[in-house]
Amino acid sequence: MENVMEAAWKVLAAVTGSLFFWNMIFAIIIVFFERRDPKSVWAWLLLLFFLPGAGFIFYLFLGGDMRKRRMFRAKELEEDLGQMLRYQQDQIRSRPPEEQEDIAGYMDLVMYNLKTASAMLLGGNDVDIFTDGNRKFEALLADLESAQYFINFQYYIIRDDVLFHRIAEVLERKAAQGVEVRILFDGMGCRGVRGSCWKRLRQAGIGTAEFFPAFLGRFQLRVNYRNHRKIVVIDNRVAYVGGFNVGKEYIDLDEKLGHWRDTHLRIRGNGVMGLQMRFILDWNYASGENLLCSRLMFPEPDPGIRDFCRLQIISSGPDNSLEQIRDNYLRLITRAKRRVCIQTPYFIPDEPVLNALLIAVRSGIEVNLMIPCKPDHPFVYWATYSYAGQLVGAGARCYAYCNGFLHSKGIIVDGEVFCYGTANMDIRSFALNFEVNAIVYSPKKAEEMERIFWEDVKECRQISMDVYAARPLKIRIREQMCRLLSPLL
């Protein structure tokens, strides 16, 4: 018996020593070899220290830093694109102020996006705003039916259910008519779709590509670095970008979540090219097929545009050292003169964005934040509630949307400009996932988006300071724990 106990203690000591060794290795990697935010470093070190075994597993799934890897190089375009960007910068600087009224207060932001993200300022656009999934997908299906040349279809989540069946039926029919159809999906977001579904689509003549495919069947080694973008481009004539994924919950058929309140943009005009380029770069990486060589991908845009609306398509991800969408949010907040309206399902800002909002509130700027009243990810929700409470304490107005689940993602400033798309107001969207937003410089459209915001407020309950201070002890404990882990969420 003593020999058995002695052997067990030796095994335990060996396992403990091994865990300690690997904890030290990963601690050294985190502190000295990866360029992380200090708060994130301390969060990982605490997790490794208090949960040595589990911390090691969490790091395998959630850790790692891809910033040193430039994933989407398109060298054959760099020279031509550089010439176009320099030409547009000169044009913007040389035009008289009366021709620049829509971007007069945001000229520095336009130039920043041009220089750092190669985001062309694209004019001559119609922008339709959808807040209801049924209306959005009805419009999308009609546009898919009208496709003549190609359909580029990219979503983070695609569920093999009634909505995708309707879409797939149209895509298969268009492919049979000779239309080039491509579906780009994320390996994590679409992990519930069987391989037989993609095989059937490929047999119908539809190209498919998986972004960061699963390891060993459906086993996903990477929770971070997911492609969270939702883009559809049809014939370079019309494009979609926003928060809706493809699944029955997005058309209000999920009893648990109820009404799904989201925001999606339908763009016609020159802005379509910005989303087309984003799709092509993602597709080239995931599939190995170079669409940049295809003339079919670059037809002339639809000339029948009603409004002259200028916009930029901005994207961000761990392949870039700059957090482009975060920087746009930050600059918009600091430029606000009267009012900021934010909608986001997950509000976990980094320190610069949080400080910018606090400074705005304390400077007399009206800051309005809208979050869901119910969680779909509990840990993220309670961290969101904690940060929202801090803003409320500084004097901001916070609203909890009660008519279903709020998934809309964006910011409106002074009724002059808005930035909406796939990015949440959280650290994951800022740095860890691949995102895409449209920043629209149009008082007319910004006022429309703001009217929608205030209509949503009618479906909200306000989280006043009295309401927040009266929360029970168990909620306070949840908030503190989740906020401590917020750099990892």
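Look up: the structure comes first, before these words.
In this text the structure is predicted, and so the values were computed from the model without any measurement.

Reading the values: the criteria
- Residues numbered from 1 in each chain as written.
- Predicted model: local features only at pLDDT ≥ 70, side-chain atom pairs only at ≥ 80, totals over all residues.
- Heavy atoms only, no water.
- Axes fitted to C-alpha atoms, helices over the stretch in contact; angles between N-to-C directions.
- Helix = DSSP H or I, 4+ residues; strand = E, 2+ residues; numbered from the N terminus.
- Parallel < 35°, antiparallel > 145°, perpendicular 65-115°, else oblique.
- Left-handed = near helix turned anticlockwise from the far one by under 90°.
- Contact = heavy atoms within 4.5 Å.
- Nonpolar A, V, L, I, M, F, W, Y, C, P; charged D, E, K, R; others polar.
- Buried < 20%, exposed > 50% of the residue type's maximum accessible area, 1.4 Å probe, protein only.
- Pairing = 2+ DSSP bridges.
- Salt bridge = Lys/Arg side-chain N within 4 Å of Asp/Glu carboxyl O.
- Patch = residues over 30% accessible without salt bridge, like charges linked within 9 Å, V, L, I, M, F, W, Y side chains within 5 Å.
- Areas by Shrake-Rupley, 256 points an atom, 1.4 Å probe, with all protein chains shown as cover.
- Polar contact = N/O pair within 3.5 Å; in protein donor to acceptor, adjacent residues only side chain to side chain.
- Expected span 1.5 Å × (residues − 1).

Considering the packing of helix α7 (residues 162–176) against helix α8 (residues 195–203)
So, point 1. Across the interface, α7 lies against α8 with an axial gap of 10 Å and an inter-helix angle of 25 degrees. When the axes of α7 and α8 are compared, the pair comes out roughly parallel. The two elements α7 and α8 cross, and the hand of that crossing is right-handed. The segment α7 lies against α8, with Phe164, Ala168 and Glu172 engaging Cys197, Trp198, Arg200 and Leu201.
So, point 2. Across the contact of α7 with α8, the residue classes break down as five nonpolar, no polar and two charged.

Looking at the pairing of strand β15 (residues 417–421)
Every other side chain in a regular strand lies on the same face of the sheet, so the side chains alternate between the two faces.
So, point 1. Most of β15 is tucked away, with five of its five residues classed as buried.
So, point 2. Residues Val417, Cys419 and Gly421 line one face of β15 and the alternating positions Phe418 and Tyr420 line the opposite face, and both faces are buried.
So, point 3. Here four bridges tie strand β14 (residues 410–413) to β15, and the two strands are oriented antiparallel to one another. If you follow Ile411 over to β15, its bridge partner there is Cys419.
So, point 4. What sits between β14 and β15 in their antiparallel hairpin is a turn of three residues, with Asp414 showing a positive phi close to 55 degrees.

Some thoughts on the pattern of salt bridges
So, point 1. A full pass over the atoms with the stated rule returns 23 salt bridges.
So, point 2. Lys445 is paired through a salt bridge with Glu448; the nearest N and O atoms lie 3.2 Å apart. Of the two residues, Lys445 and Glu448 both sit in helix α14 (residues 443–457), three residues apart, roughly one turn of that helix.
So, point 3. A network of salt bridges, in which partner residues are shared, links Glu323, Arg326, Asp327 and Asp350.

Description of the side chain of Ser386
So, point 1. Note on placement: Ser386 falls in helix α12 (residues 378–394).
So, point 2. Ser386 gets classed as buried once you look at its relative accessible area, which sits at 4%.
So, point 3. When sequence neighbours within four positions are dropped, the list of residues in contact with Ser386 reads Tyr468, Glu479 and Arg483.

Quick notes on a nonpolar patch on the surface
So, point 1. Residues Leu473, Ile477 and Met481 make up a contiguous nonpolar surface patch of about 330 Å² in total accessible area.
So, point 2. Structurally, Met481 is set in helix α16 (residues 473–484).

Side note on the side chain of Glu249
So, point 1. Note that Glu249 resides in the loop between β6 (238–242) and β7 (260–269).
So, point 2. Taking the relative accessible area as the measure of exposure, Glu249 reaches 7% and is therefore buried.
So, point 3. Each residue touching Glu249, except ones within four places of it in the same chain, is listed here: Arg159, Asp254, Leu257 and Trp260.

Notes on the environment of Lys136
So, point 1. For Lys136, the location among the structural elements is in helix α6 (residues 133–145).
So, point 2. Residue Lys136 is classed as buried on the basis of its relative accessible area of 0%.
So, point 3. As for Lys136 and His264, which are separated by 128 residues in sequence, their C-alpha atoms are 7.4 Å apart.
So, point 4. Excluding its chain neighbours within four sequence positions, the residues that come into contact with Lys136 are Phe130, Tyr155, Tyr240, Phe244 and His264.
So, point 5. There is a polar contact of 2.6 Å between the side chain of Lys136 and the side chain of Tyr155.

So, helix α9 (residues 271–287)
So, point 1. Here α9 is 17 residues long and its end C-alpha atoms lie 25 Å apart, about the 24 Å a rise of 1.5 Å per residue gives.
So, point 2. Within α9, 13 of the 17 residues are buried, which leaves it mostly tucked inside the rest of the structure.
So, point 3. Where α9 ends, the next residue or the one after it, Gly288, has phi of about 80 degrees, a positive value.

Section: the pairing of strand β11 (residues 366–372)
So, point 1. Where burial is concerned, most of β11 is hidden: six out of the seven residues are buried.
So, point 2. For strand β9 (residues 339–343) and β11, the ladder comprises five bridges, and the chain directions are parallel. From the neighbouring strand, Cys341 faces β11, where its bridge partner is Asn368.

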